[in-house]
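Chain residues, written in single-letter form:
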Amino acid sequence: MRDYLRQRAIRNLLLATSIGLCGFALLSDQASAGPSSPSMSSDIDMCERAEDCFQAAALPKERLGKALNKEQVLLLKLDRLQRLMERFPGTLWAKRAGLLSGVLLLERNPAGAIQLLRTAQRDFAVLDDYIRLWTGEALLNLGDAKQAADMFESIPQVVPDSYLLTKAAYRAGEAWYQASSCPEAMAWFAKAVELNDKEPKTPQAFLRRGACQLRDNNIPEGRETLMKLWVRFAYSAEAKEAEALLASNLGGEPWVVQSSERLARAEAYLGQSFHAEAIEELRKFLAADPQSPRRGEAKLKLGIAQVRLKQYDQARETFRALVKDGGTESHEAAVWLARVYLRQGEGDKLLDLADTLTTSSLSAEQKGQITIFAGMWLEDQSRFDDAIIRYRQVAKVGEPASQRAEARWRVGWVYYRVARYREAGDELRQLADQHDSDFEPQALYWMGRAAELIQQPHARDVYVQLCQRYVYTYYCQLARERIDIPLSAPPASEPISPTVPVNGGTHANGEATRSVPIRAEIEQQSAYRRAIELNTLGLDSDAARELAGLTDRYNRDPDALMALATMLNEVGAYHHALRLARARFRDKLERTGGIVDPSLWKVAYPTGLLPTIKGQGVSGVDPYLVAAIIREESQYDWQAVSRVGAIGLMQVMPGTANNVAQRLGLPAVGRDDLFDQETNIRIGVHYVEQLLEQFSGNVAFTIASYNAGPMAVGSWIALHRGRSQDEFIELIPYQETRQYVKRVLRSYREYIRLDKAS
């Protein structure tokens, strides 16, 4: 009876909010205006089990398309949660619906959220720290800052092992600041920064500390704090506020920026891939301090940032001046200058630079890299014999051994290109015999291709040898397309739950055994139990935080890490799971094969985002191709930012995103929007569709274009017309794009293989 009354009170509360059924009716009327509008409540009305109804409410399939915006999806969730509580009062799922409703109402109806959260606190003790955090946020939104501060401060006292301690410290500081209590705010902000100075709220903490110091008339300390913010977090919105305060001549003293601060600020921009802003700061530094001993370092950073923005003319002049100046950075600048010459097709200048190497003080590795660039340009000009001479120089004296192996590979590849297949086979055999794991697979494959073309009988043996040694590589995949090589099943492995003595014991190596199976041991951890409940609520990022925190605990235990990777994947922490699997088991999963737990294949090739991918309604794009792109672009990390500024799961450039959005008739997409998982996938999937259409469905051309752009790929197609696809990929001039295409194709084929095997 008590549960029934509580659930009834919750339902009444939701009905009383501004987003109850009346508000939702308006949404339904608006949404039904078009013939293809989704049915807003059909799923919740048709489901029979409370669990299924909760899934339909927490993760409505309508969120995956573009029919509803974020506000409408929120209204849909709340309406369905309310209906669930009406249909299944008193059940655990109704209680979860009340808790999730409270989380969703934090900003729109904080008073209602507090009632829902306090009710849930009795039912979900495992989430006590989260419920306290959410309640504190609701209190802040109500303007009750002191109570909010008390709530945030209670988290470390009640749940001392919580992974929210850092976040709670930042929020406690903010609550005390809003309560105009600077001493407490300063203390909590200092503690928060000490715990983790890379949290998203760190810039705000610095801004608040500076404001408190100014409020207390501690002008020098306040100025110093604001300067740290302006320098270390240059890319943040808070840095702009700090700049306005500093420019107001605090305490009557003019604001003078030191040159070292300019350089540090530029480095902060570079760390977040804000290259244009970094260039501006680097130029100011160079203009302000002509005698700085760090000028060479700044010029090198400037040139590299210009390359990232494809400002090759400016980069060339920057590197050329740096080489002329001499100094330590001039050596690295020479390599970058050679790279720019190659990219811009200035072969004569590249050869002149390479010809000065005998008298230069560059390292053997730097000399070797420039010589390889020279050989690549000669190869592009069809001066194959001259290219071979350059490559052989590096194959003889290059450093380290990997550079010598690369040079030998290039000799063999040139021989193949010009149809000197016997010589190609001889060179590649010598390279394969060195067993350099980076080059042996491709050496064996192209050895086999050369042998095929001159009808040598050992071609099949070479392909078989390749797949025996490197079964899961891109090159073995190619070999299996040429001849019938059965994919041998991986060695059998028992699922992770080893049998150990009931009272513990020791292994032969002296390490202690467990008294319970690995997975059961992990399941006993409070972090795991929190993760499962958060995942059930659809709060995947919070669940991922909990399980990721267990990685350090089991860092030295391979069996536990294997189990943990599987468990991370099960709760939707795909990035953490994949990163863990690759760090510990990459060779077995992607190259040589070996004994791994069968469940690790699901970790290595996540499928949890396939519903989101399929939900975009793009019929011409294989969802596994998109999954492979996500896997290689970001390792399923929605927060990923590349060195050139690409964002999120599919590493979309902001400019490209806006072009795609405009073509689809969607609102403009900002940089921050691309960190949203569904927005990123929506834009990325439609861009893949666009490229597939442009290249008549050719997957390899599409993947190359996704990385290098369609104009570059179009020029390569024209240049190498008539080449087979495997040859075309090997001839892609940009190393980054060439390797990228191989990686994505390999992952794409593995997704297909695993789907067929399941």
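Along each chain, residues carry numbers from 1 onward, in the same order as the chain's sequence is written. Totals for whole chains, interfaces and linings use every residue, but because this is a predicted model, local features are given only for residues with pLDDT of at least 70 and side-chain atom pairs only at 80 or more, for both listing and counting. Calculation of side-chain values draws on the structure's entire complement of heavy atoms; hydrogens and water are dropped beforehand.

A. Seen up close, the nonpolar core. Nonpolar cores were defined as sets of buried Ala, Val, Leu, Ile, Met, Phe, Trp, Tyr and Cys residues, with membership established by side-chain atoms within 4.5 Å. Only protein chains enter the accessibility calculation, which uses a 1.4 Å probe; a residue is then buried when its area is under 20% of its type maximum, exposed when over 50%, and partly exposed in between. In this structure, Trp 134 and Phe 319 are the most contacted members of the largest nonpolar core, which totals 227 residues. If one sorts the elements of this core by residue count, helix H19 (residues 328-344) sits on top with nine residues. By the convention used here, residues are in contact when the closest approach between their heavy atoms is within 4.5 Å. Those residues in contact with Trp 134 that sit more than four places away from it in its chain are Leu 99, Val 103, Leu 106, Leu 117, Leu 534, Leu 539 and Asp 542. Within the second largest apolar cluster, nine residues are counted, among which are Leu 282, Leu 286, Ala 298 and Ala 305. Counting from the N terminus, the helices are the DSSP runs of H or I reaching at least four residues and the strands are the DSSP runs of E reaching at least two.

B. Structural context of the packing of helix H13 (residues 219-232) against helix H15 (residues 259-271). The axes are straight lines fitted to the C-alpha atoms, using for helices just the contacting stretch, and the angles between their N-to-C directions are given from 0 to 180°. Between H13 and H15, the shortest axis-to-axis distance is 7 Å and the interhelical angle comes to 50°. The orientation of H13 with respect to H15, classified from their angle, is oblique. Here H13 contributes Met 227, Trp 230, Val 231 and Arg 232 to the contact with H15, which in turn contributes Glu 261, Arg 262, Ala 264, Arg 265 and Ala 268. Only Asp, Glu, Lys and Arg are considered charged in this grouping, and only Ala, Val, Leu, Ile, Met, Phe, Trp, Tyr, Cys and Pro are considered nonpolar; every other residue, Gly among them, is considered polar. Among the residues forming the contact of H13 with H15, the class breakdown is five nonpolar, no polar and four charged. Oblique is the label for any angle not covered by the other classes, which are roughly parallel (under 35 degrees), roughly antiparallel (over 145) and roughly perpendicular (65 to 115).

C. Local environment of helix H12 (residues 202-215). What a helix should span is 1.5 Å times the count of its residues minus one. The terminal C-alpha atoms of H12 lie 20 Å apart, and with 14 residues this matches the ideal 20 Å at 1.5 Å per residue to within 8%. The buried count for H12 comes to eleven of 14 residues, which makes it a mostly enclosed element. What H12 keeps buried is the set Thr 202, Pro 203, Gln 204, Ala 205, Phe 206, Leu 207, Arg 208, Gly 210, Cys 212, Gln 213 and Leu 214. Buried-residue contacts for H12 involve helix H10 (165-178), helix H11 (182-195), H13 and helix H14 (237-246). Just beyond H12, the residue with positive phi is Asn 217, at close to 65°.

D. Expanded view of unusual backbone geometry. In this structure, the amide linkage connecting Glu 399 to the following residue, Pro 400, adopts the cis form with an omega of 0°. Tracing the backbone through its elements, the reader meets Pro 400 in the loop between helix H22 (384-397) and helix H23 (401-417). At Asn 249, a residue that is not glycine, the phi angle is positive and equals roughly 55°. A relative accessible area of 37% means that Asn 249 is categorised as partly exposed. In this structure, Lys 310 takes a positive phi of about 60° despite not being glycine. Its place among the elements puts Lys 310 in the loop between helix H17 (295-308) and helix H18 (312-325). Residue classification places Lys 310 among the exposed positions, given a relative accessible area of 56%.

E. Representation of the environment of Phe 206 within the structure. Mapped onto the fold, Phe 206 is located in helix H12. For the pair Phe 206 and Met 186, spaced 20 residues apart in sequence, the C-alpha to C-alpha distance is 9.4 Å. Discounting chain neighbours no more than four positions away, the residues touching Phe 206 are Val 193, Thr 225, Lys 228, Leu 229, Arg 232 and Phe 233.

F. Structural context of the environment of Glu 570. As for its placement among the helices and strands, Glu 570 is situated in helix H31 (residues 558-570). With relative accessibility at 45%, the residue Glu 570 sits in the partly exposed group. For the pair Glu 570 and Val 603, spaced 33 residues apart in sequence, the C-alpha to C-alpha distance is 8.5 Å.

G. The arrangement of the environment of Arg 738 in detail. Secondary-structure assignment places Arg 738 in helix H41 (residues 735-757). Leaving out residues up to four positions away in the same chain, Arg 738 has contacts with Arg 410, Ile 729, Glu 730, Ile 732 and Pro 733. At a separation of 2.6 Å, a polar atom in the side chain of Arg 738 contacts the main-chain carbonyl oxygen of Ile 732. Under the rule applied, a polar contact is a pair of N or O atoms within 3.5 Å (in protein, one hydrogen donor and one hydrogen acceptor; residues adjacent in sequence only if both atoms are side-chain atoms).

H. Just the packing of aromatic side chains, in detail. Think of it this way: a Phe, Tyr or Trp ring, Trp meaning its six-membered ring, pairs with another when their centres are within 6.5 Å, and the plane angle makes it stacked under 30 degrees, edge-to-face over 60, tilted otherwise. For the structure on display, the rule yields 26 aromatic pairs. Between Tyr 445 and Tyr 463 the ring centres are 5.9 Å apart and the planes differ by 40°, which places this aromatic pair in the tilted class. Here the residue Tyr 445 occupies a position in helix H25 (residues 440-453), and Tyr 463 occupies one in helix H26 (residues 459-469), the gap between them amounting to 18 residues. On the basis of relative accessibility, which here comes to 1%, the residue Tyr 445 falls in the buried class.

I. Summary view of helix H24 (residues 421-433). The end-to-end C-alpha distance of H24, which contains 13 residues, comes to 18 Å, matching closely the 18 Å that a straight helix rising 1.5 Å per residue would cover. Here the buried face of H24 lies against H22, H23 and H25.

J. Region of interest: the packing of H23 against H24. Following both chains from N to C, one finds H23 and H24 inclined at 160°, their axes separated by 7 Å at the closest point. Overall, the two elements H23 and H24 adopt an arrangement that is roughly antiparallel. Note on packing geometry: the crossing formed by H23 with H24 is left-handed. Contacts between H23 and H24 involve Ala 405, Arg 408, Trp 409, Val 411, Gly 412, Tyr 415 and Tyr 416 from the former and Tyr 421, Glu 423, Ala 424, Glu 427, Leu 428, Gln 430 and Leu 431 from the latter. Looking at side-chain class alone, the contact of H23 with H24 contains nine nonpolar, two polar and three charged residues. When the near helix sits turned anticlockwise from the far one by under a right angle, the crossing is termed left-handed; a clockwise turn instead gives a right-handed crossing.

K. Quick peek at the state of the cysteines. Any two cysteine sulfur atoms lying within 2.5 Å of each other are counted as a disulfide. Within the structure shown, the criterion is met by three disulfides. Each sulfur of the disulfide joining Cys 467 and Cys 476 lies 2.1 Å from the other. Its S-S torsion of approximately 120° makes the covalent link between Cys 467 and Cys 476 right-handed. As far as the burial class goes, Cys 467 and Cys 476 line up, both buried.

L. Region of interest: the pattern of salt bridges. Think of a salt bridge as a Lys or Arg side-chain nitrogen and an Asp or Glu carboxyl oxygen that are within 4 Å of each other. Counted according to the given criterion, the structure contains 59 salt bridges. Between Arg 171 and Glu 137 there is a salt bridge; the shortest N-O distance is 2.8 Å. On the criterion of sequence distance, the pair formed by Arg 171 in helix H10 and Glu 137 in helix H8 (residues 128-142) is long-range, its members being 34 residues apart. There is no split in this pair, since Arg 171 and Glu 137 are both buried. For the salt bridge of Arg 582 with Glu 590, the shortest nitrogen-to-oxygen distance reads 2.8 Å.

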